[in-house]
Amino acid sequence: MTRPRTRRRALQAIGTGFVAALAGCVDGGIGGETTPRGTGAGIDERETTEPPGQPALSPAGVWPQPRFDAANTATNPDGAGLRDGEQYWRLDAGYTPVVDGGTLYNTYRRDQDHTDLTRRDPATMAVSSRTSLVQYGVNGPPVVADDRVYVSTFIEVFCLAAERDEVLWRGPKMDGVQCPPAVADGVVYVNSGGFEDVPAHLRAFDAASGEERWRYDTAAETKGTPAIADGTVYVAARDGLHAVDATSGERVFHQPAVSESWSTPVAAHGAVYALGGENDDSLVAVDAASGDVRWRNALPTAPVATADALYVGTESGVAALDPADGSIVSRLGGGGTPAALAGDVVYAADRGTLRAIDVNGDGELWSYETERVQVTDVISQSIGGVTPVDGAVYVNAADGFHGFGPTR
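This is a predicted model, so every value here is computed, not measured.

**Let's talk about the overall build of the protein**
Next, step 1: Scanning the protein from terminus to terminus reveals one helix and 35 strands.
Next, step 2: Going through the 408 residues of the protein one by one, you find that 61% of them count as buried.

Spelled out as structure tokens, the structure:
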């Protein structure tokens, strides 16, 4: 029997899809299945087609991985969020970025036959250099670590020089990669969901050489980016949460309470947070050491984690949870799914609207609604990624790439 699509189920669909988008599972499509920006096909003609953007932003700080760090917390506690903001420009400039060392990195579908890694000026989005990668789409935001940039495709990982157009290594062929890799302590972890005769598995590669260190077979569909914390790698699969020793590749535990294959785990507070699964409308907290379930809460979205709280989307707006038991300790207002937090500002995506919300209780600080656009025969209004740094917020939306800065 088909389950009724309740408000909660609708929120879960939005939240899970948005988490997948933030993890990079949709940027540029897989195998060129989505309409690429930059081709002129189905793109809103009001979008500026060439950078640089004007007026220029004044960004500072870093956001080096899709969810800021290898634990996937999506939080920069040392950052400064925009307490008042406005759109500076909207460009045809590619997909969700990361920022490190004064450079913005993102992927751009130049045409039907070229997907590039671009290195850009984060103030204007002007391209300083680009590296051609593949003829099809890639798995979204790059990952920057130790002066290298890592980008995954459906079948392999590219390791590129951060400051110049050079591929340092690529490979190996491992069909079924759906999201960006995770990078920590000189190791690249790549999760493959499996494809045809390739079983689902997790691999670890030396970040400098690309040499394989170990392989762990999950044996069940898994599509999210791993989380790394305290020497353990966590991946969510359809049969549960797998914890793997980061050095040896040996299993630490397997917890079947988590069964959402698209879930990107979040490691914080000595726990791992992930979504329950298709038939389980809950956020599950698993003890990171023992694998025991600490608590579960009937919430349909993955959290943004700070040192003392979890921020989630609820039916009545963004809320803060107590990590100890999952109870709601405060309601912040606004709406949508929290995507990122910088300083005391959490950014939430409410379908096509970006909302900036104060974590200390001052409510919604400002918001911006992106435009509806027609791509082929589909009307779309959505946000696929939010990247905040000091003095700027970059948003990848259906209607283009947005740069937000302080109100002038």
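Here the narrative resumes.
**Quick look at the environment of Ala-204**
Next, step 1: Residue position: Ala-204 is located in strand β13 (residues 201-206).
Next, step 2: Relative accessible area serves as the criterion here: at 0%, Ala-204 is assigned to the buried category.
Next, step 3: For the pair formed by Ala-204 and Gly-249, sequence separation is 45 residues and the distance between their alpha carbons is 8.0 Å.
Next, step 4: Aside from chain neighbours lying at most four places away, what touches Ala-204 is Val-187, Val-188, Tyr-189, Glu-211, Glu-212, Arg-213 and Trp-214.

**Some details on the sheet that holds strand β18 (residues 251-255)**
Next, step 1: Strand order in this open sheet of four strands is β15-β16-β17-β18, and the pairing throughout is antiparallel. The sheet is open, and its two edges are formed by β15 (227-229) and β18, each paired on a single side. Taken over all neighbouring pairs, the strand axes of this sheet differ in orientation by 20 degrees on average, direction set aside.
Next, step 2: Looking at chain direction, β15 and strand β16 (residues 232-237) are connected through three bridges and run antiparallel. Across the sheet, residue Ala-227 finds its bridge partner in β16, namely Tyr-234.

**Some points on the packing of aromatic side chains**
Next, step 1: Per the counting criterion, the structure on display carries 10 aromatic pairs.
Next, step 2: With 5.0 Å between their ring centres and 55 degrees between their planes, Trp-63 and Phe-68 make a pair best called tilted. Pair check on accessibility: Trp-63 and Phe-68 agree, each one buried.
Next, step 3: Plain terms: the ring middles of Tyr-273 and Trp-295 are 5.9 Å apart, the flat faces sit at 40 degrees to each other, and that makes the pair tilted. Taken together, the residues span a long stretch of sequence, with Tyr-273 in strand β20 (residues 271-277) and Trp-295 in strand β22 (residues 293-297) at a distance of 22 residues. Summarising the burial analysis for this pair, Tyr-273 and Trp-295 share the class buried.

**Concerning the environment of Gly-140**
Next, step 1: Looking at the secondary structure, you find Gly-140 in the loop between β6 (127-134) and β7 (143-145).
Next, step 2: Given the relative accessible area of 0%, Gly-140 is considered buried.
Next, step 3: Here the alpha-carbon distance between Gly-140 and Ser-152, two residues 12 residues apart in the chain, equals 7.9 Å.

**Structural notes on the pairing of strand β21 (residues 280-287)**
The side chains of a regular strand alternate, first on one face of the sheet and then on the other.
Next, step 1: Among the eight residues in β21, seven count as buried, and that is most of the element.
Next, step 2: Where β20 lies against β21, six bridges are found, and the strand directions are antiparallel. Note that in β21 the partner of Ala-274 across the bridge is Val-284.
Next, step 3: Across four bridges, β21 lies against β22 in antiparallel orientation. When the sheet's bridge partners are listed, Ala-285 is paired in β22 with Trp-295.

**As for unusual backbone geometry**
Next, step 1: That bond from Gln-54 to Pro-55 is cis: its omega, 0 degrees, falls within 30 degrees of zero.
Next, step 2: Inspection of the secondary structure puts Pro-55 in the loop between α1 (7-22) and β1 (75-76).
Next, step 3: For the peptide bond that leads from Gly-171 to Pro-172, omega is -15 degrees, which places it in the cis range.
Next, step 4: Its location among the elements puts Pro-172 in the loop between β10 (167-171) and β11 (182-184).

**Some details on the sheet that holds strand β28 (residues 345-350)**
Next, step 1: Read across the open sheet, the five strands follow the order β1-β27-β28-β29-β30; overall the sheet is mixed. Two strands close off the open sheet at either side, each with one partner strand: β1 and β30 (363-369).
Next, step 2: The pairing of strand β27 (residues 337-342) with β28 spans five bridges and is classified as antiparallel. Opposite Leu-341, over in β28, you have Val-346 as the bridge partner.

**Some thoughts on the pattern of salt bridges**
Next, step 1: Per the stated rule, a full pass over the model turns up 18 salt bridges.
Next, step 2: For Asp-362, the salt bridge identified is with Arg-83, shortest N-O distance 3.4 Å. Pair noted here: Asp-362 is in the loop between β29 (353-358) and β30 and Arg-83 is in the loop between β1 and β2 (86-91), with a separation of 279 residues, a long-range link.
Next, step 3: Under the relative-accessibility criterion, Asp-362 is labelled exposed at 56%.
Next, step 4: Looking at Arg-83, the relative accessible area reads 33%, which means it is partly exposed.

**Focus on the confidence of the model for the protein**
Next, step 1: Taken as a whole, the protein shows an average pLDDT of 88; of its residues, 88% reach a score of 70 or greater.
Next, step 2: For residues 1-19, every residue scores under 50 in pLDDT, and the model assigns this stretch 39 contacts once sequence neighbours within four places are set aside.
Next, step 3: This model gives residues 28-46 a pLDDT under 50, and the stretch forms 51 contacts once residues within four places in sequence are excluded.

**Some remarks on the side chain of Arg-203**
Next, step 1: Along the polypeptide, Arg-203 turns up in strand β13.
Next, step 2: Setting aside its immediate chain neighbours within four residues, Arg-203 contacts Pro-172, Lys-173, Met-174, Val-188, Tyr-189, Val-190, Glu-212, Trp-214 and Arg-215.

**Quick notes on the environment of Gly-94**
Next, step 1: Following the sequence through the fold, Gly-94 ends up in the loop between β2 and β3 (98-100).
Next, step 2: A sequence separation of 306 residues divides Gly-94 from Gly-400, and the C-alpha atoms of the two residues are 7.9 Å apart.

**Focus: the pairing of strand β25 (residues 317-321)**
Next, step 1: In terms of burial, β25 is a largely internal element, five of the five residues being buried.
Next, step 2: Here strand β24 (residues 310-314) folds back onto β25 in antiparallel fashion, the turn holding two residues.
Next, step 3: As judged from the four bridges shared by β25 and strand β26 (residues 328-333), these two strands associate in the antiparallel manner. For Ala-319, the partnering residue across the bridge sits in β26 and is Arg-331.
Next, step 4: Between β25 and β26, which follow one another and run antiparallel, lie six residues, and Gly-326 among them has a positive phi close to 80 degrees.

Here is what the cut-offs are and how they apply
Every chain begins its residue count from 1, and numbering advances along the sequence as written. Per-residue local features of the predicted model are confined to residues with pLDDT of at least 70, and side-chain atom pairs are confined, for both listing and counting, to 80 or more; whole-chain, interface and lining totals are unaffected and use all residues. Excluding hydrogens and water, the side-chain figures rest on all heavy atoms present in the structure. Each helix corresponds to a stretch of at least 4 residues labelled H or I by DSSP, and each strand to a stretch of at least 2 residues labelled E; elements are numbered beginning at the N terminus. Under the scheme applied here, a residue whose accessible area is under 20% of the maximum for its type counts as buried, over 50% as exposed, and between as partly exposed, the area being computed with a 1.4 Å probe on protein chains only. Contacts are assigned to residue pairs that have any heavy atoms within 4.5 Å of one another. Only when DSSP finds a minimum of two bridges between them are two strands counted as paired. Each axis is a line fitted through C-alpha atoms, taken for helices only over the stretch in contact, and angles between the N-to-C directions span 0 to 180 degrees. Think of it this way: a Phe, Tyr or Trp ring, Trp meaning its six-membered ring, pairs with another when their centres are within 6.5 Å, and the plane angle makes it stacked under 30 degrees, edge-to-face over 60, tilted otherwise. The term salt bridge refers to a side-chain nitrogen of Lys or Arg lying within 4 Å of a carboxyl oxygen of Asp or Glu. Across the chain, each position has a pLDDT score giving the predictor's confidence in that residue, from 0 to 100.

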